[in-house]
Amino acid sequence: MSLYDDVARILIPEDVLQPRVRSLAEEINQVFTDQDFPLLVCILKGAFVFLADLTRHLTFRHEVDFMVISSYGSGTVSSGVVRILLDLERSIEGRHVLIVEDIVDTGRTLDYITRNLRTRHPASLRICTLLNKPSRREIDVPLHFVGFDIPDEFVIGYGLDFAEAYRNLPFIGVLKPEAIARER
Ligand code: 5GP
């Protein structure tokens, strides 16, 4: 029994995912210069794999920092409560900031993060998300770079978890209902 047996189907295979991460990086390369020296804010834990791949395709000087945000816990439905568990190391006042997120669902998490970061007076604030579920949106947040629009399904892999597992899968997949039921 392997964790691969819990995958009902692969939504985005690795050979589609990786070229898109590269082309997304090329879009971002058009926007920033070395002089901008932007700060990439990786939202943990889900975006760590995406950031690691993305950053290696970026050609301008940049810095990375991390925020840990509370999310679903072990379920598949958002609690709607957003909390910062770990904050940025330094001030972002006057800095160009690019938020790197794994997935935007209702938009509540990013709405909270962007409102919070704006109070710190960055020079600019943009959002890059690998995945977007437009049909689930409750709060409108401006997304500047989007990897893939996906349907309303709970996905795992490439950093995204279910009950802290499956982050290491190299593709975006959908879990079997039995795997979800096992945690309940
Ligand atoms: P939102 O606040 O937009 O509803 O949710 C954003 C957060 O919920 C994401 O950063 C992610 O942690 C989690 N999330 C939303 N949809 C999914 C999903 O399909 N799979 C996983 N693993 N996490 C999700």
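Our structure's up above, just so we're on the same page.
Residues numbered from 1 in each chain as written. Predicted model: local features only at pLDDT ≥ 70, side-chain atom pairs only at ≥ 80, totals over all residues. Heavy atoms only, no water.

> Explain the overall build of the protein to me, using residue names and the numbers behind them.
Across its full length, the protein holds four helices and nine strands. Computed over the C-alpha atoms, the radius of gyration of the protein is 16 Å, within 12% of the 16 Å expected from 2.2 N^0.38 for a compact globule of 184 residues. Dimensions of the protein, computed from the C-alpha atoms along their principal axes, are close to 50 × 35 × 30 Å. Looking at the protein as a whole, 48% of its 184 residues are labelled buried. Across the protein, the fraction of contacts at a sequence separation of at least 24, relative to all contacts at a separation of at least 6, is 67%. Counting only carbon and sulfur atoms, one obtains 50% of the accessible surface of the protein, whose full area is about 9,100 Å². (Helix = DSSP H or I, 4+ residues; strand = E, 2+ residues; numbered from the N terminus. Rg over C-alpha atoms; globule rule 2.2 N^0.38 Å. Buried < 20%, exposed > 50% of the residue type's maximum accessible area, 1.4 Å probe, protein only. Contact = heavy atoms within 4.5 Å. Areas by Shrake-Rupley, 256 points an atom, 1.4 Å probe, with all protein chains shown as cover.)

> Could you give an account of the environment of Gly157, naming the residues involved and the relevant values?
Looking at where Gly157 falls in the secondary structure, it is placed in the loop between β8 (155–156) and β9 (172–175). On the accessibility criterion, Gly157 (0% relative accessible area) is buried. Along the sequence, Gly157 and Pro170 sit 13 residues apart, while their C-alpha atoms lie 6.3 Å from each other. When neighbours within four sequence positions are excluded, Gly157 is seen to be in contact with Tyr166, Arg167, Leu169, Phe171 and Ile172.

> Kindly report on the sheet that holds β8, identifying the contributing residues and their values.
The strand order across the open sheet built from three strands is β1-β9-β8, with neighbouring strands paired in antiparallel fashion. A single partner strand is all that each edge strand has here, and the edge strands are β1 (7–12) and β8. As defined by bridge partners, β1 adjoins β9 across four bridges and the pair is classed as antiparallel. Along β9, the bridge assignment pairs Ile12 with Ile172. (Pairing = 2+ DSSP bridges.)

> Give me the lowdown on the sheet that holds strand β6 (residues 124–132), citing residues and values where you can.
Two pairing modes exist for strands in a sheet, parallel and antiparallel, and in both the strands are linked by backbone hydrogen bonds. Spatial strand order, β4-β3-β2-β5-β6-β7: six strands in an open sheet with mixed pairing. This sheet does not close on itself; its edge strands, each paired only once, are β4 (84–86) and β7 (145–149). Shown here is a sheet whose adjacent strand axes are inclined to one another by a mean of 30°, direction ignored. Bridge analysis of strand β2 (residues 39–44) against strand β3 (residues 63–69) gives six bridges, and the strand direction is parallel. If you follow Leu39 over to β3, its bridge partner there is Glu63. Along the sheet, helix α1 (residues 14–29) makes contact with β5 (96–104), β6 and β7, crossing β7 at roughly 155°. (Axes fitted to C-alpha atoms, helices over the stretch in contact; angles between N-to-C directions.)

> Any details on α1? Residues and values, ideally.
For α1, which comprises 16 residues, the first-to-last C-alpha distance of 22 Å matches the rise-based estimate of 22 Å (1.5 Å per residue) to within 8%. If you check which residues of α1 are buried, you get Leu17, Arg20, Val21, Leu24, Ala25, Ile28 and Asn29. Elements that come into contact with the buried residues of α1 comprise β1, α2 (48–55), β5, β6, β7 and β9. (Expected span 1.5 Å × (residues − 1).)

> Which residues make up the site of the ligand, and what are the values?
The environment of the ligand is formed by 17 residues, the closest being Thr106, Gly107, Thr109, Val155 and Asp161. The contact in question runs from an oxygen atom of the ligand to an N or O atom on the side chain of Lys133, over 2.8 Å. Burial of the ligand by the surrounding chains reaches 94%, relative to a free accessible area of 510 Å². Of all the secondary-structure elements, those providing two or more residues to the shell around the ligand are β5 and α3 (108–118). Of the residues forming the shell around the ligand, the biggest block, four residues, is contributed by β5. Here the residues of the shell around the ligand are counted per class, giving six nonpolar, four polar and seven charged. (Near = heavy atom within 4 Å. Polar contact = N/O pair within 3.5 Å; in protein donor to acceptor, adjacent residues only side chain to side chain. Nonpolar A, V, L, I, M, F, W, Y, C, P; charged D, E, K, R; others polar.)

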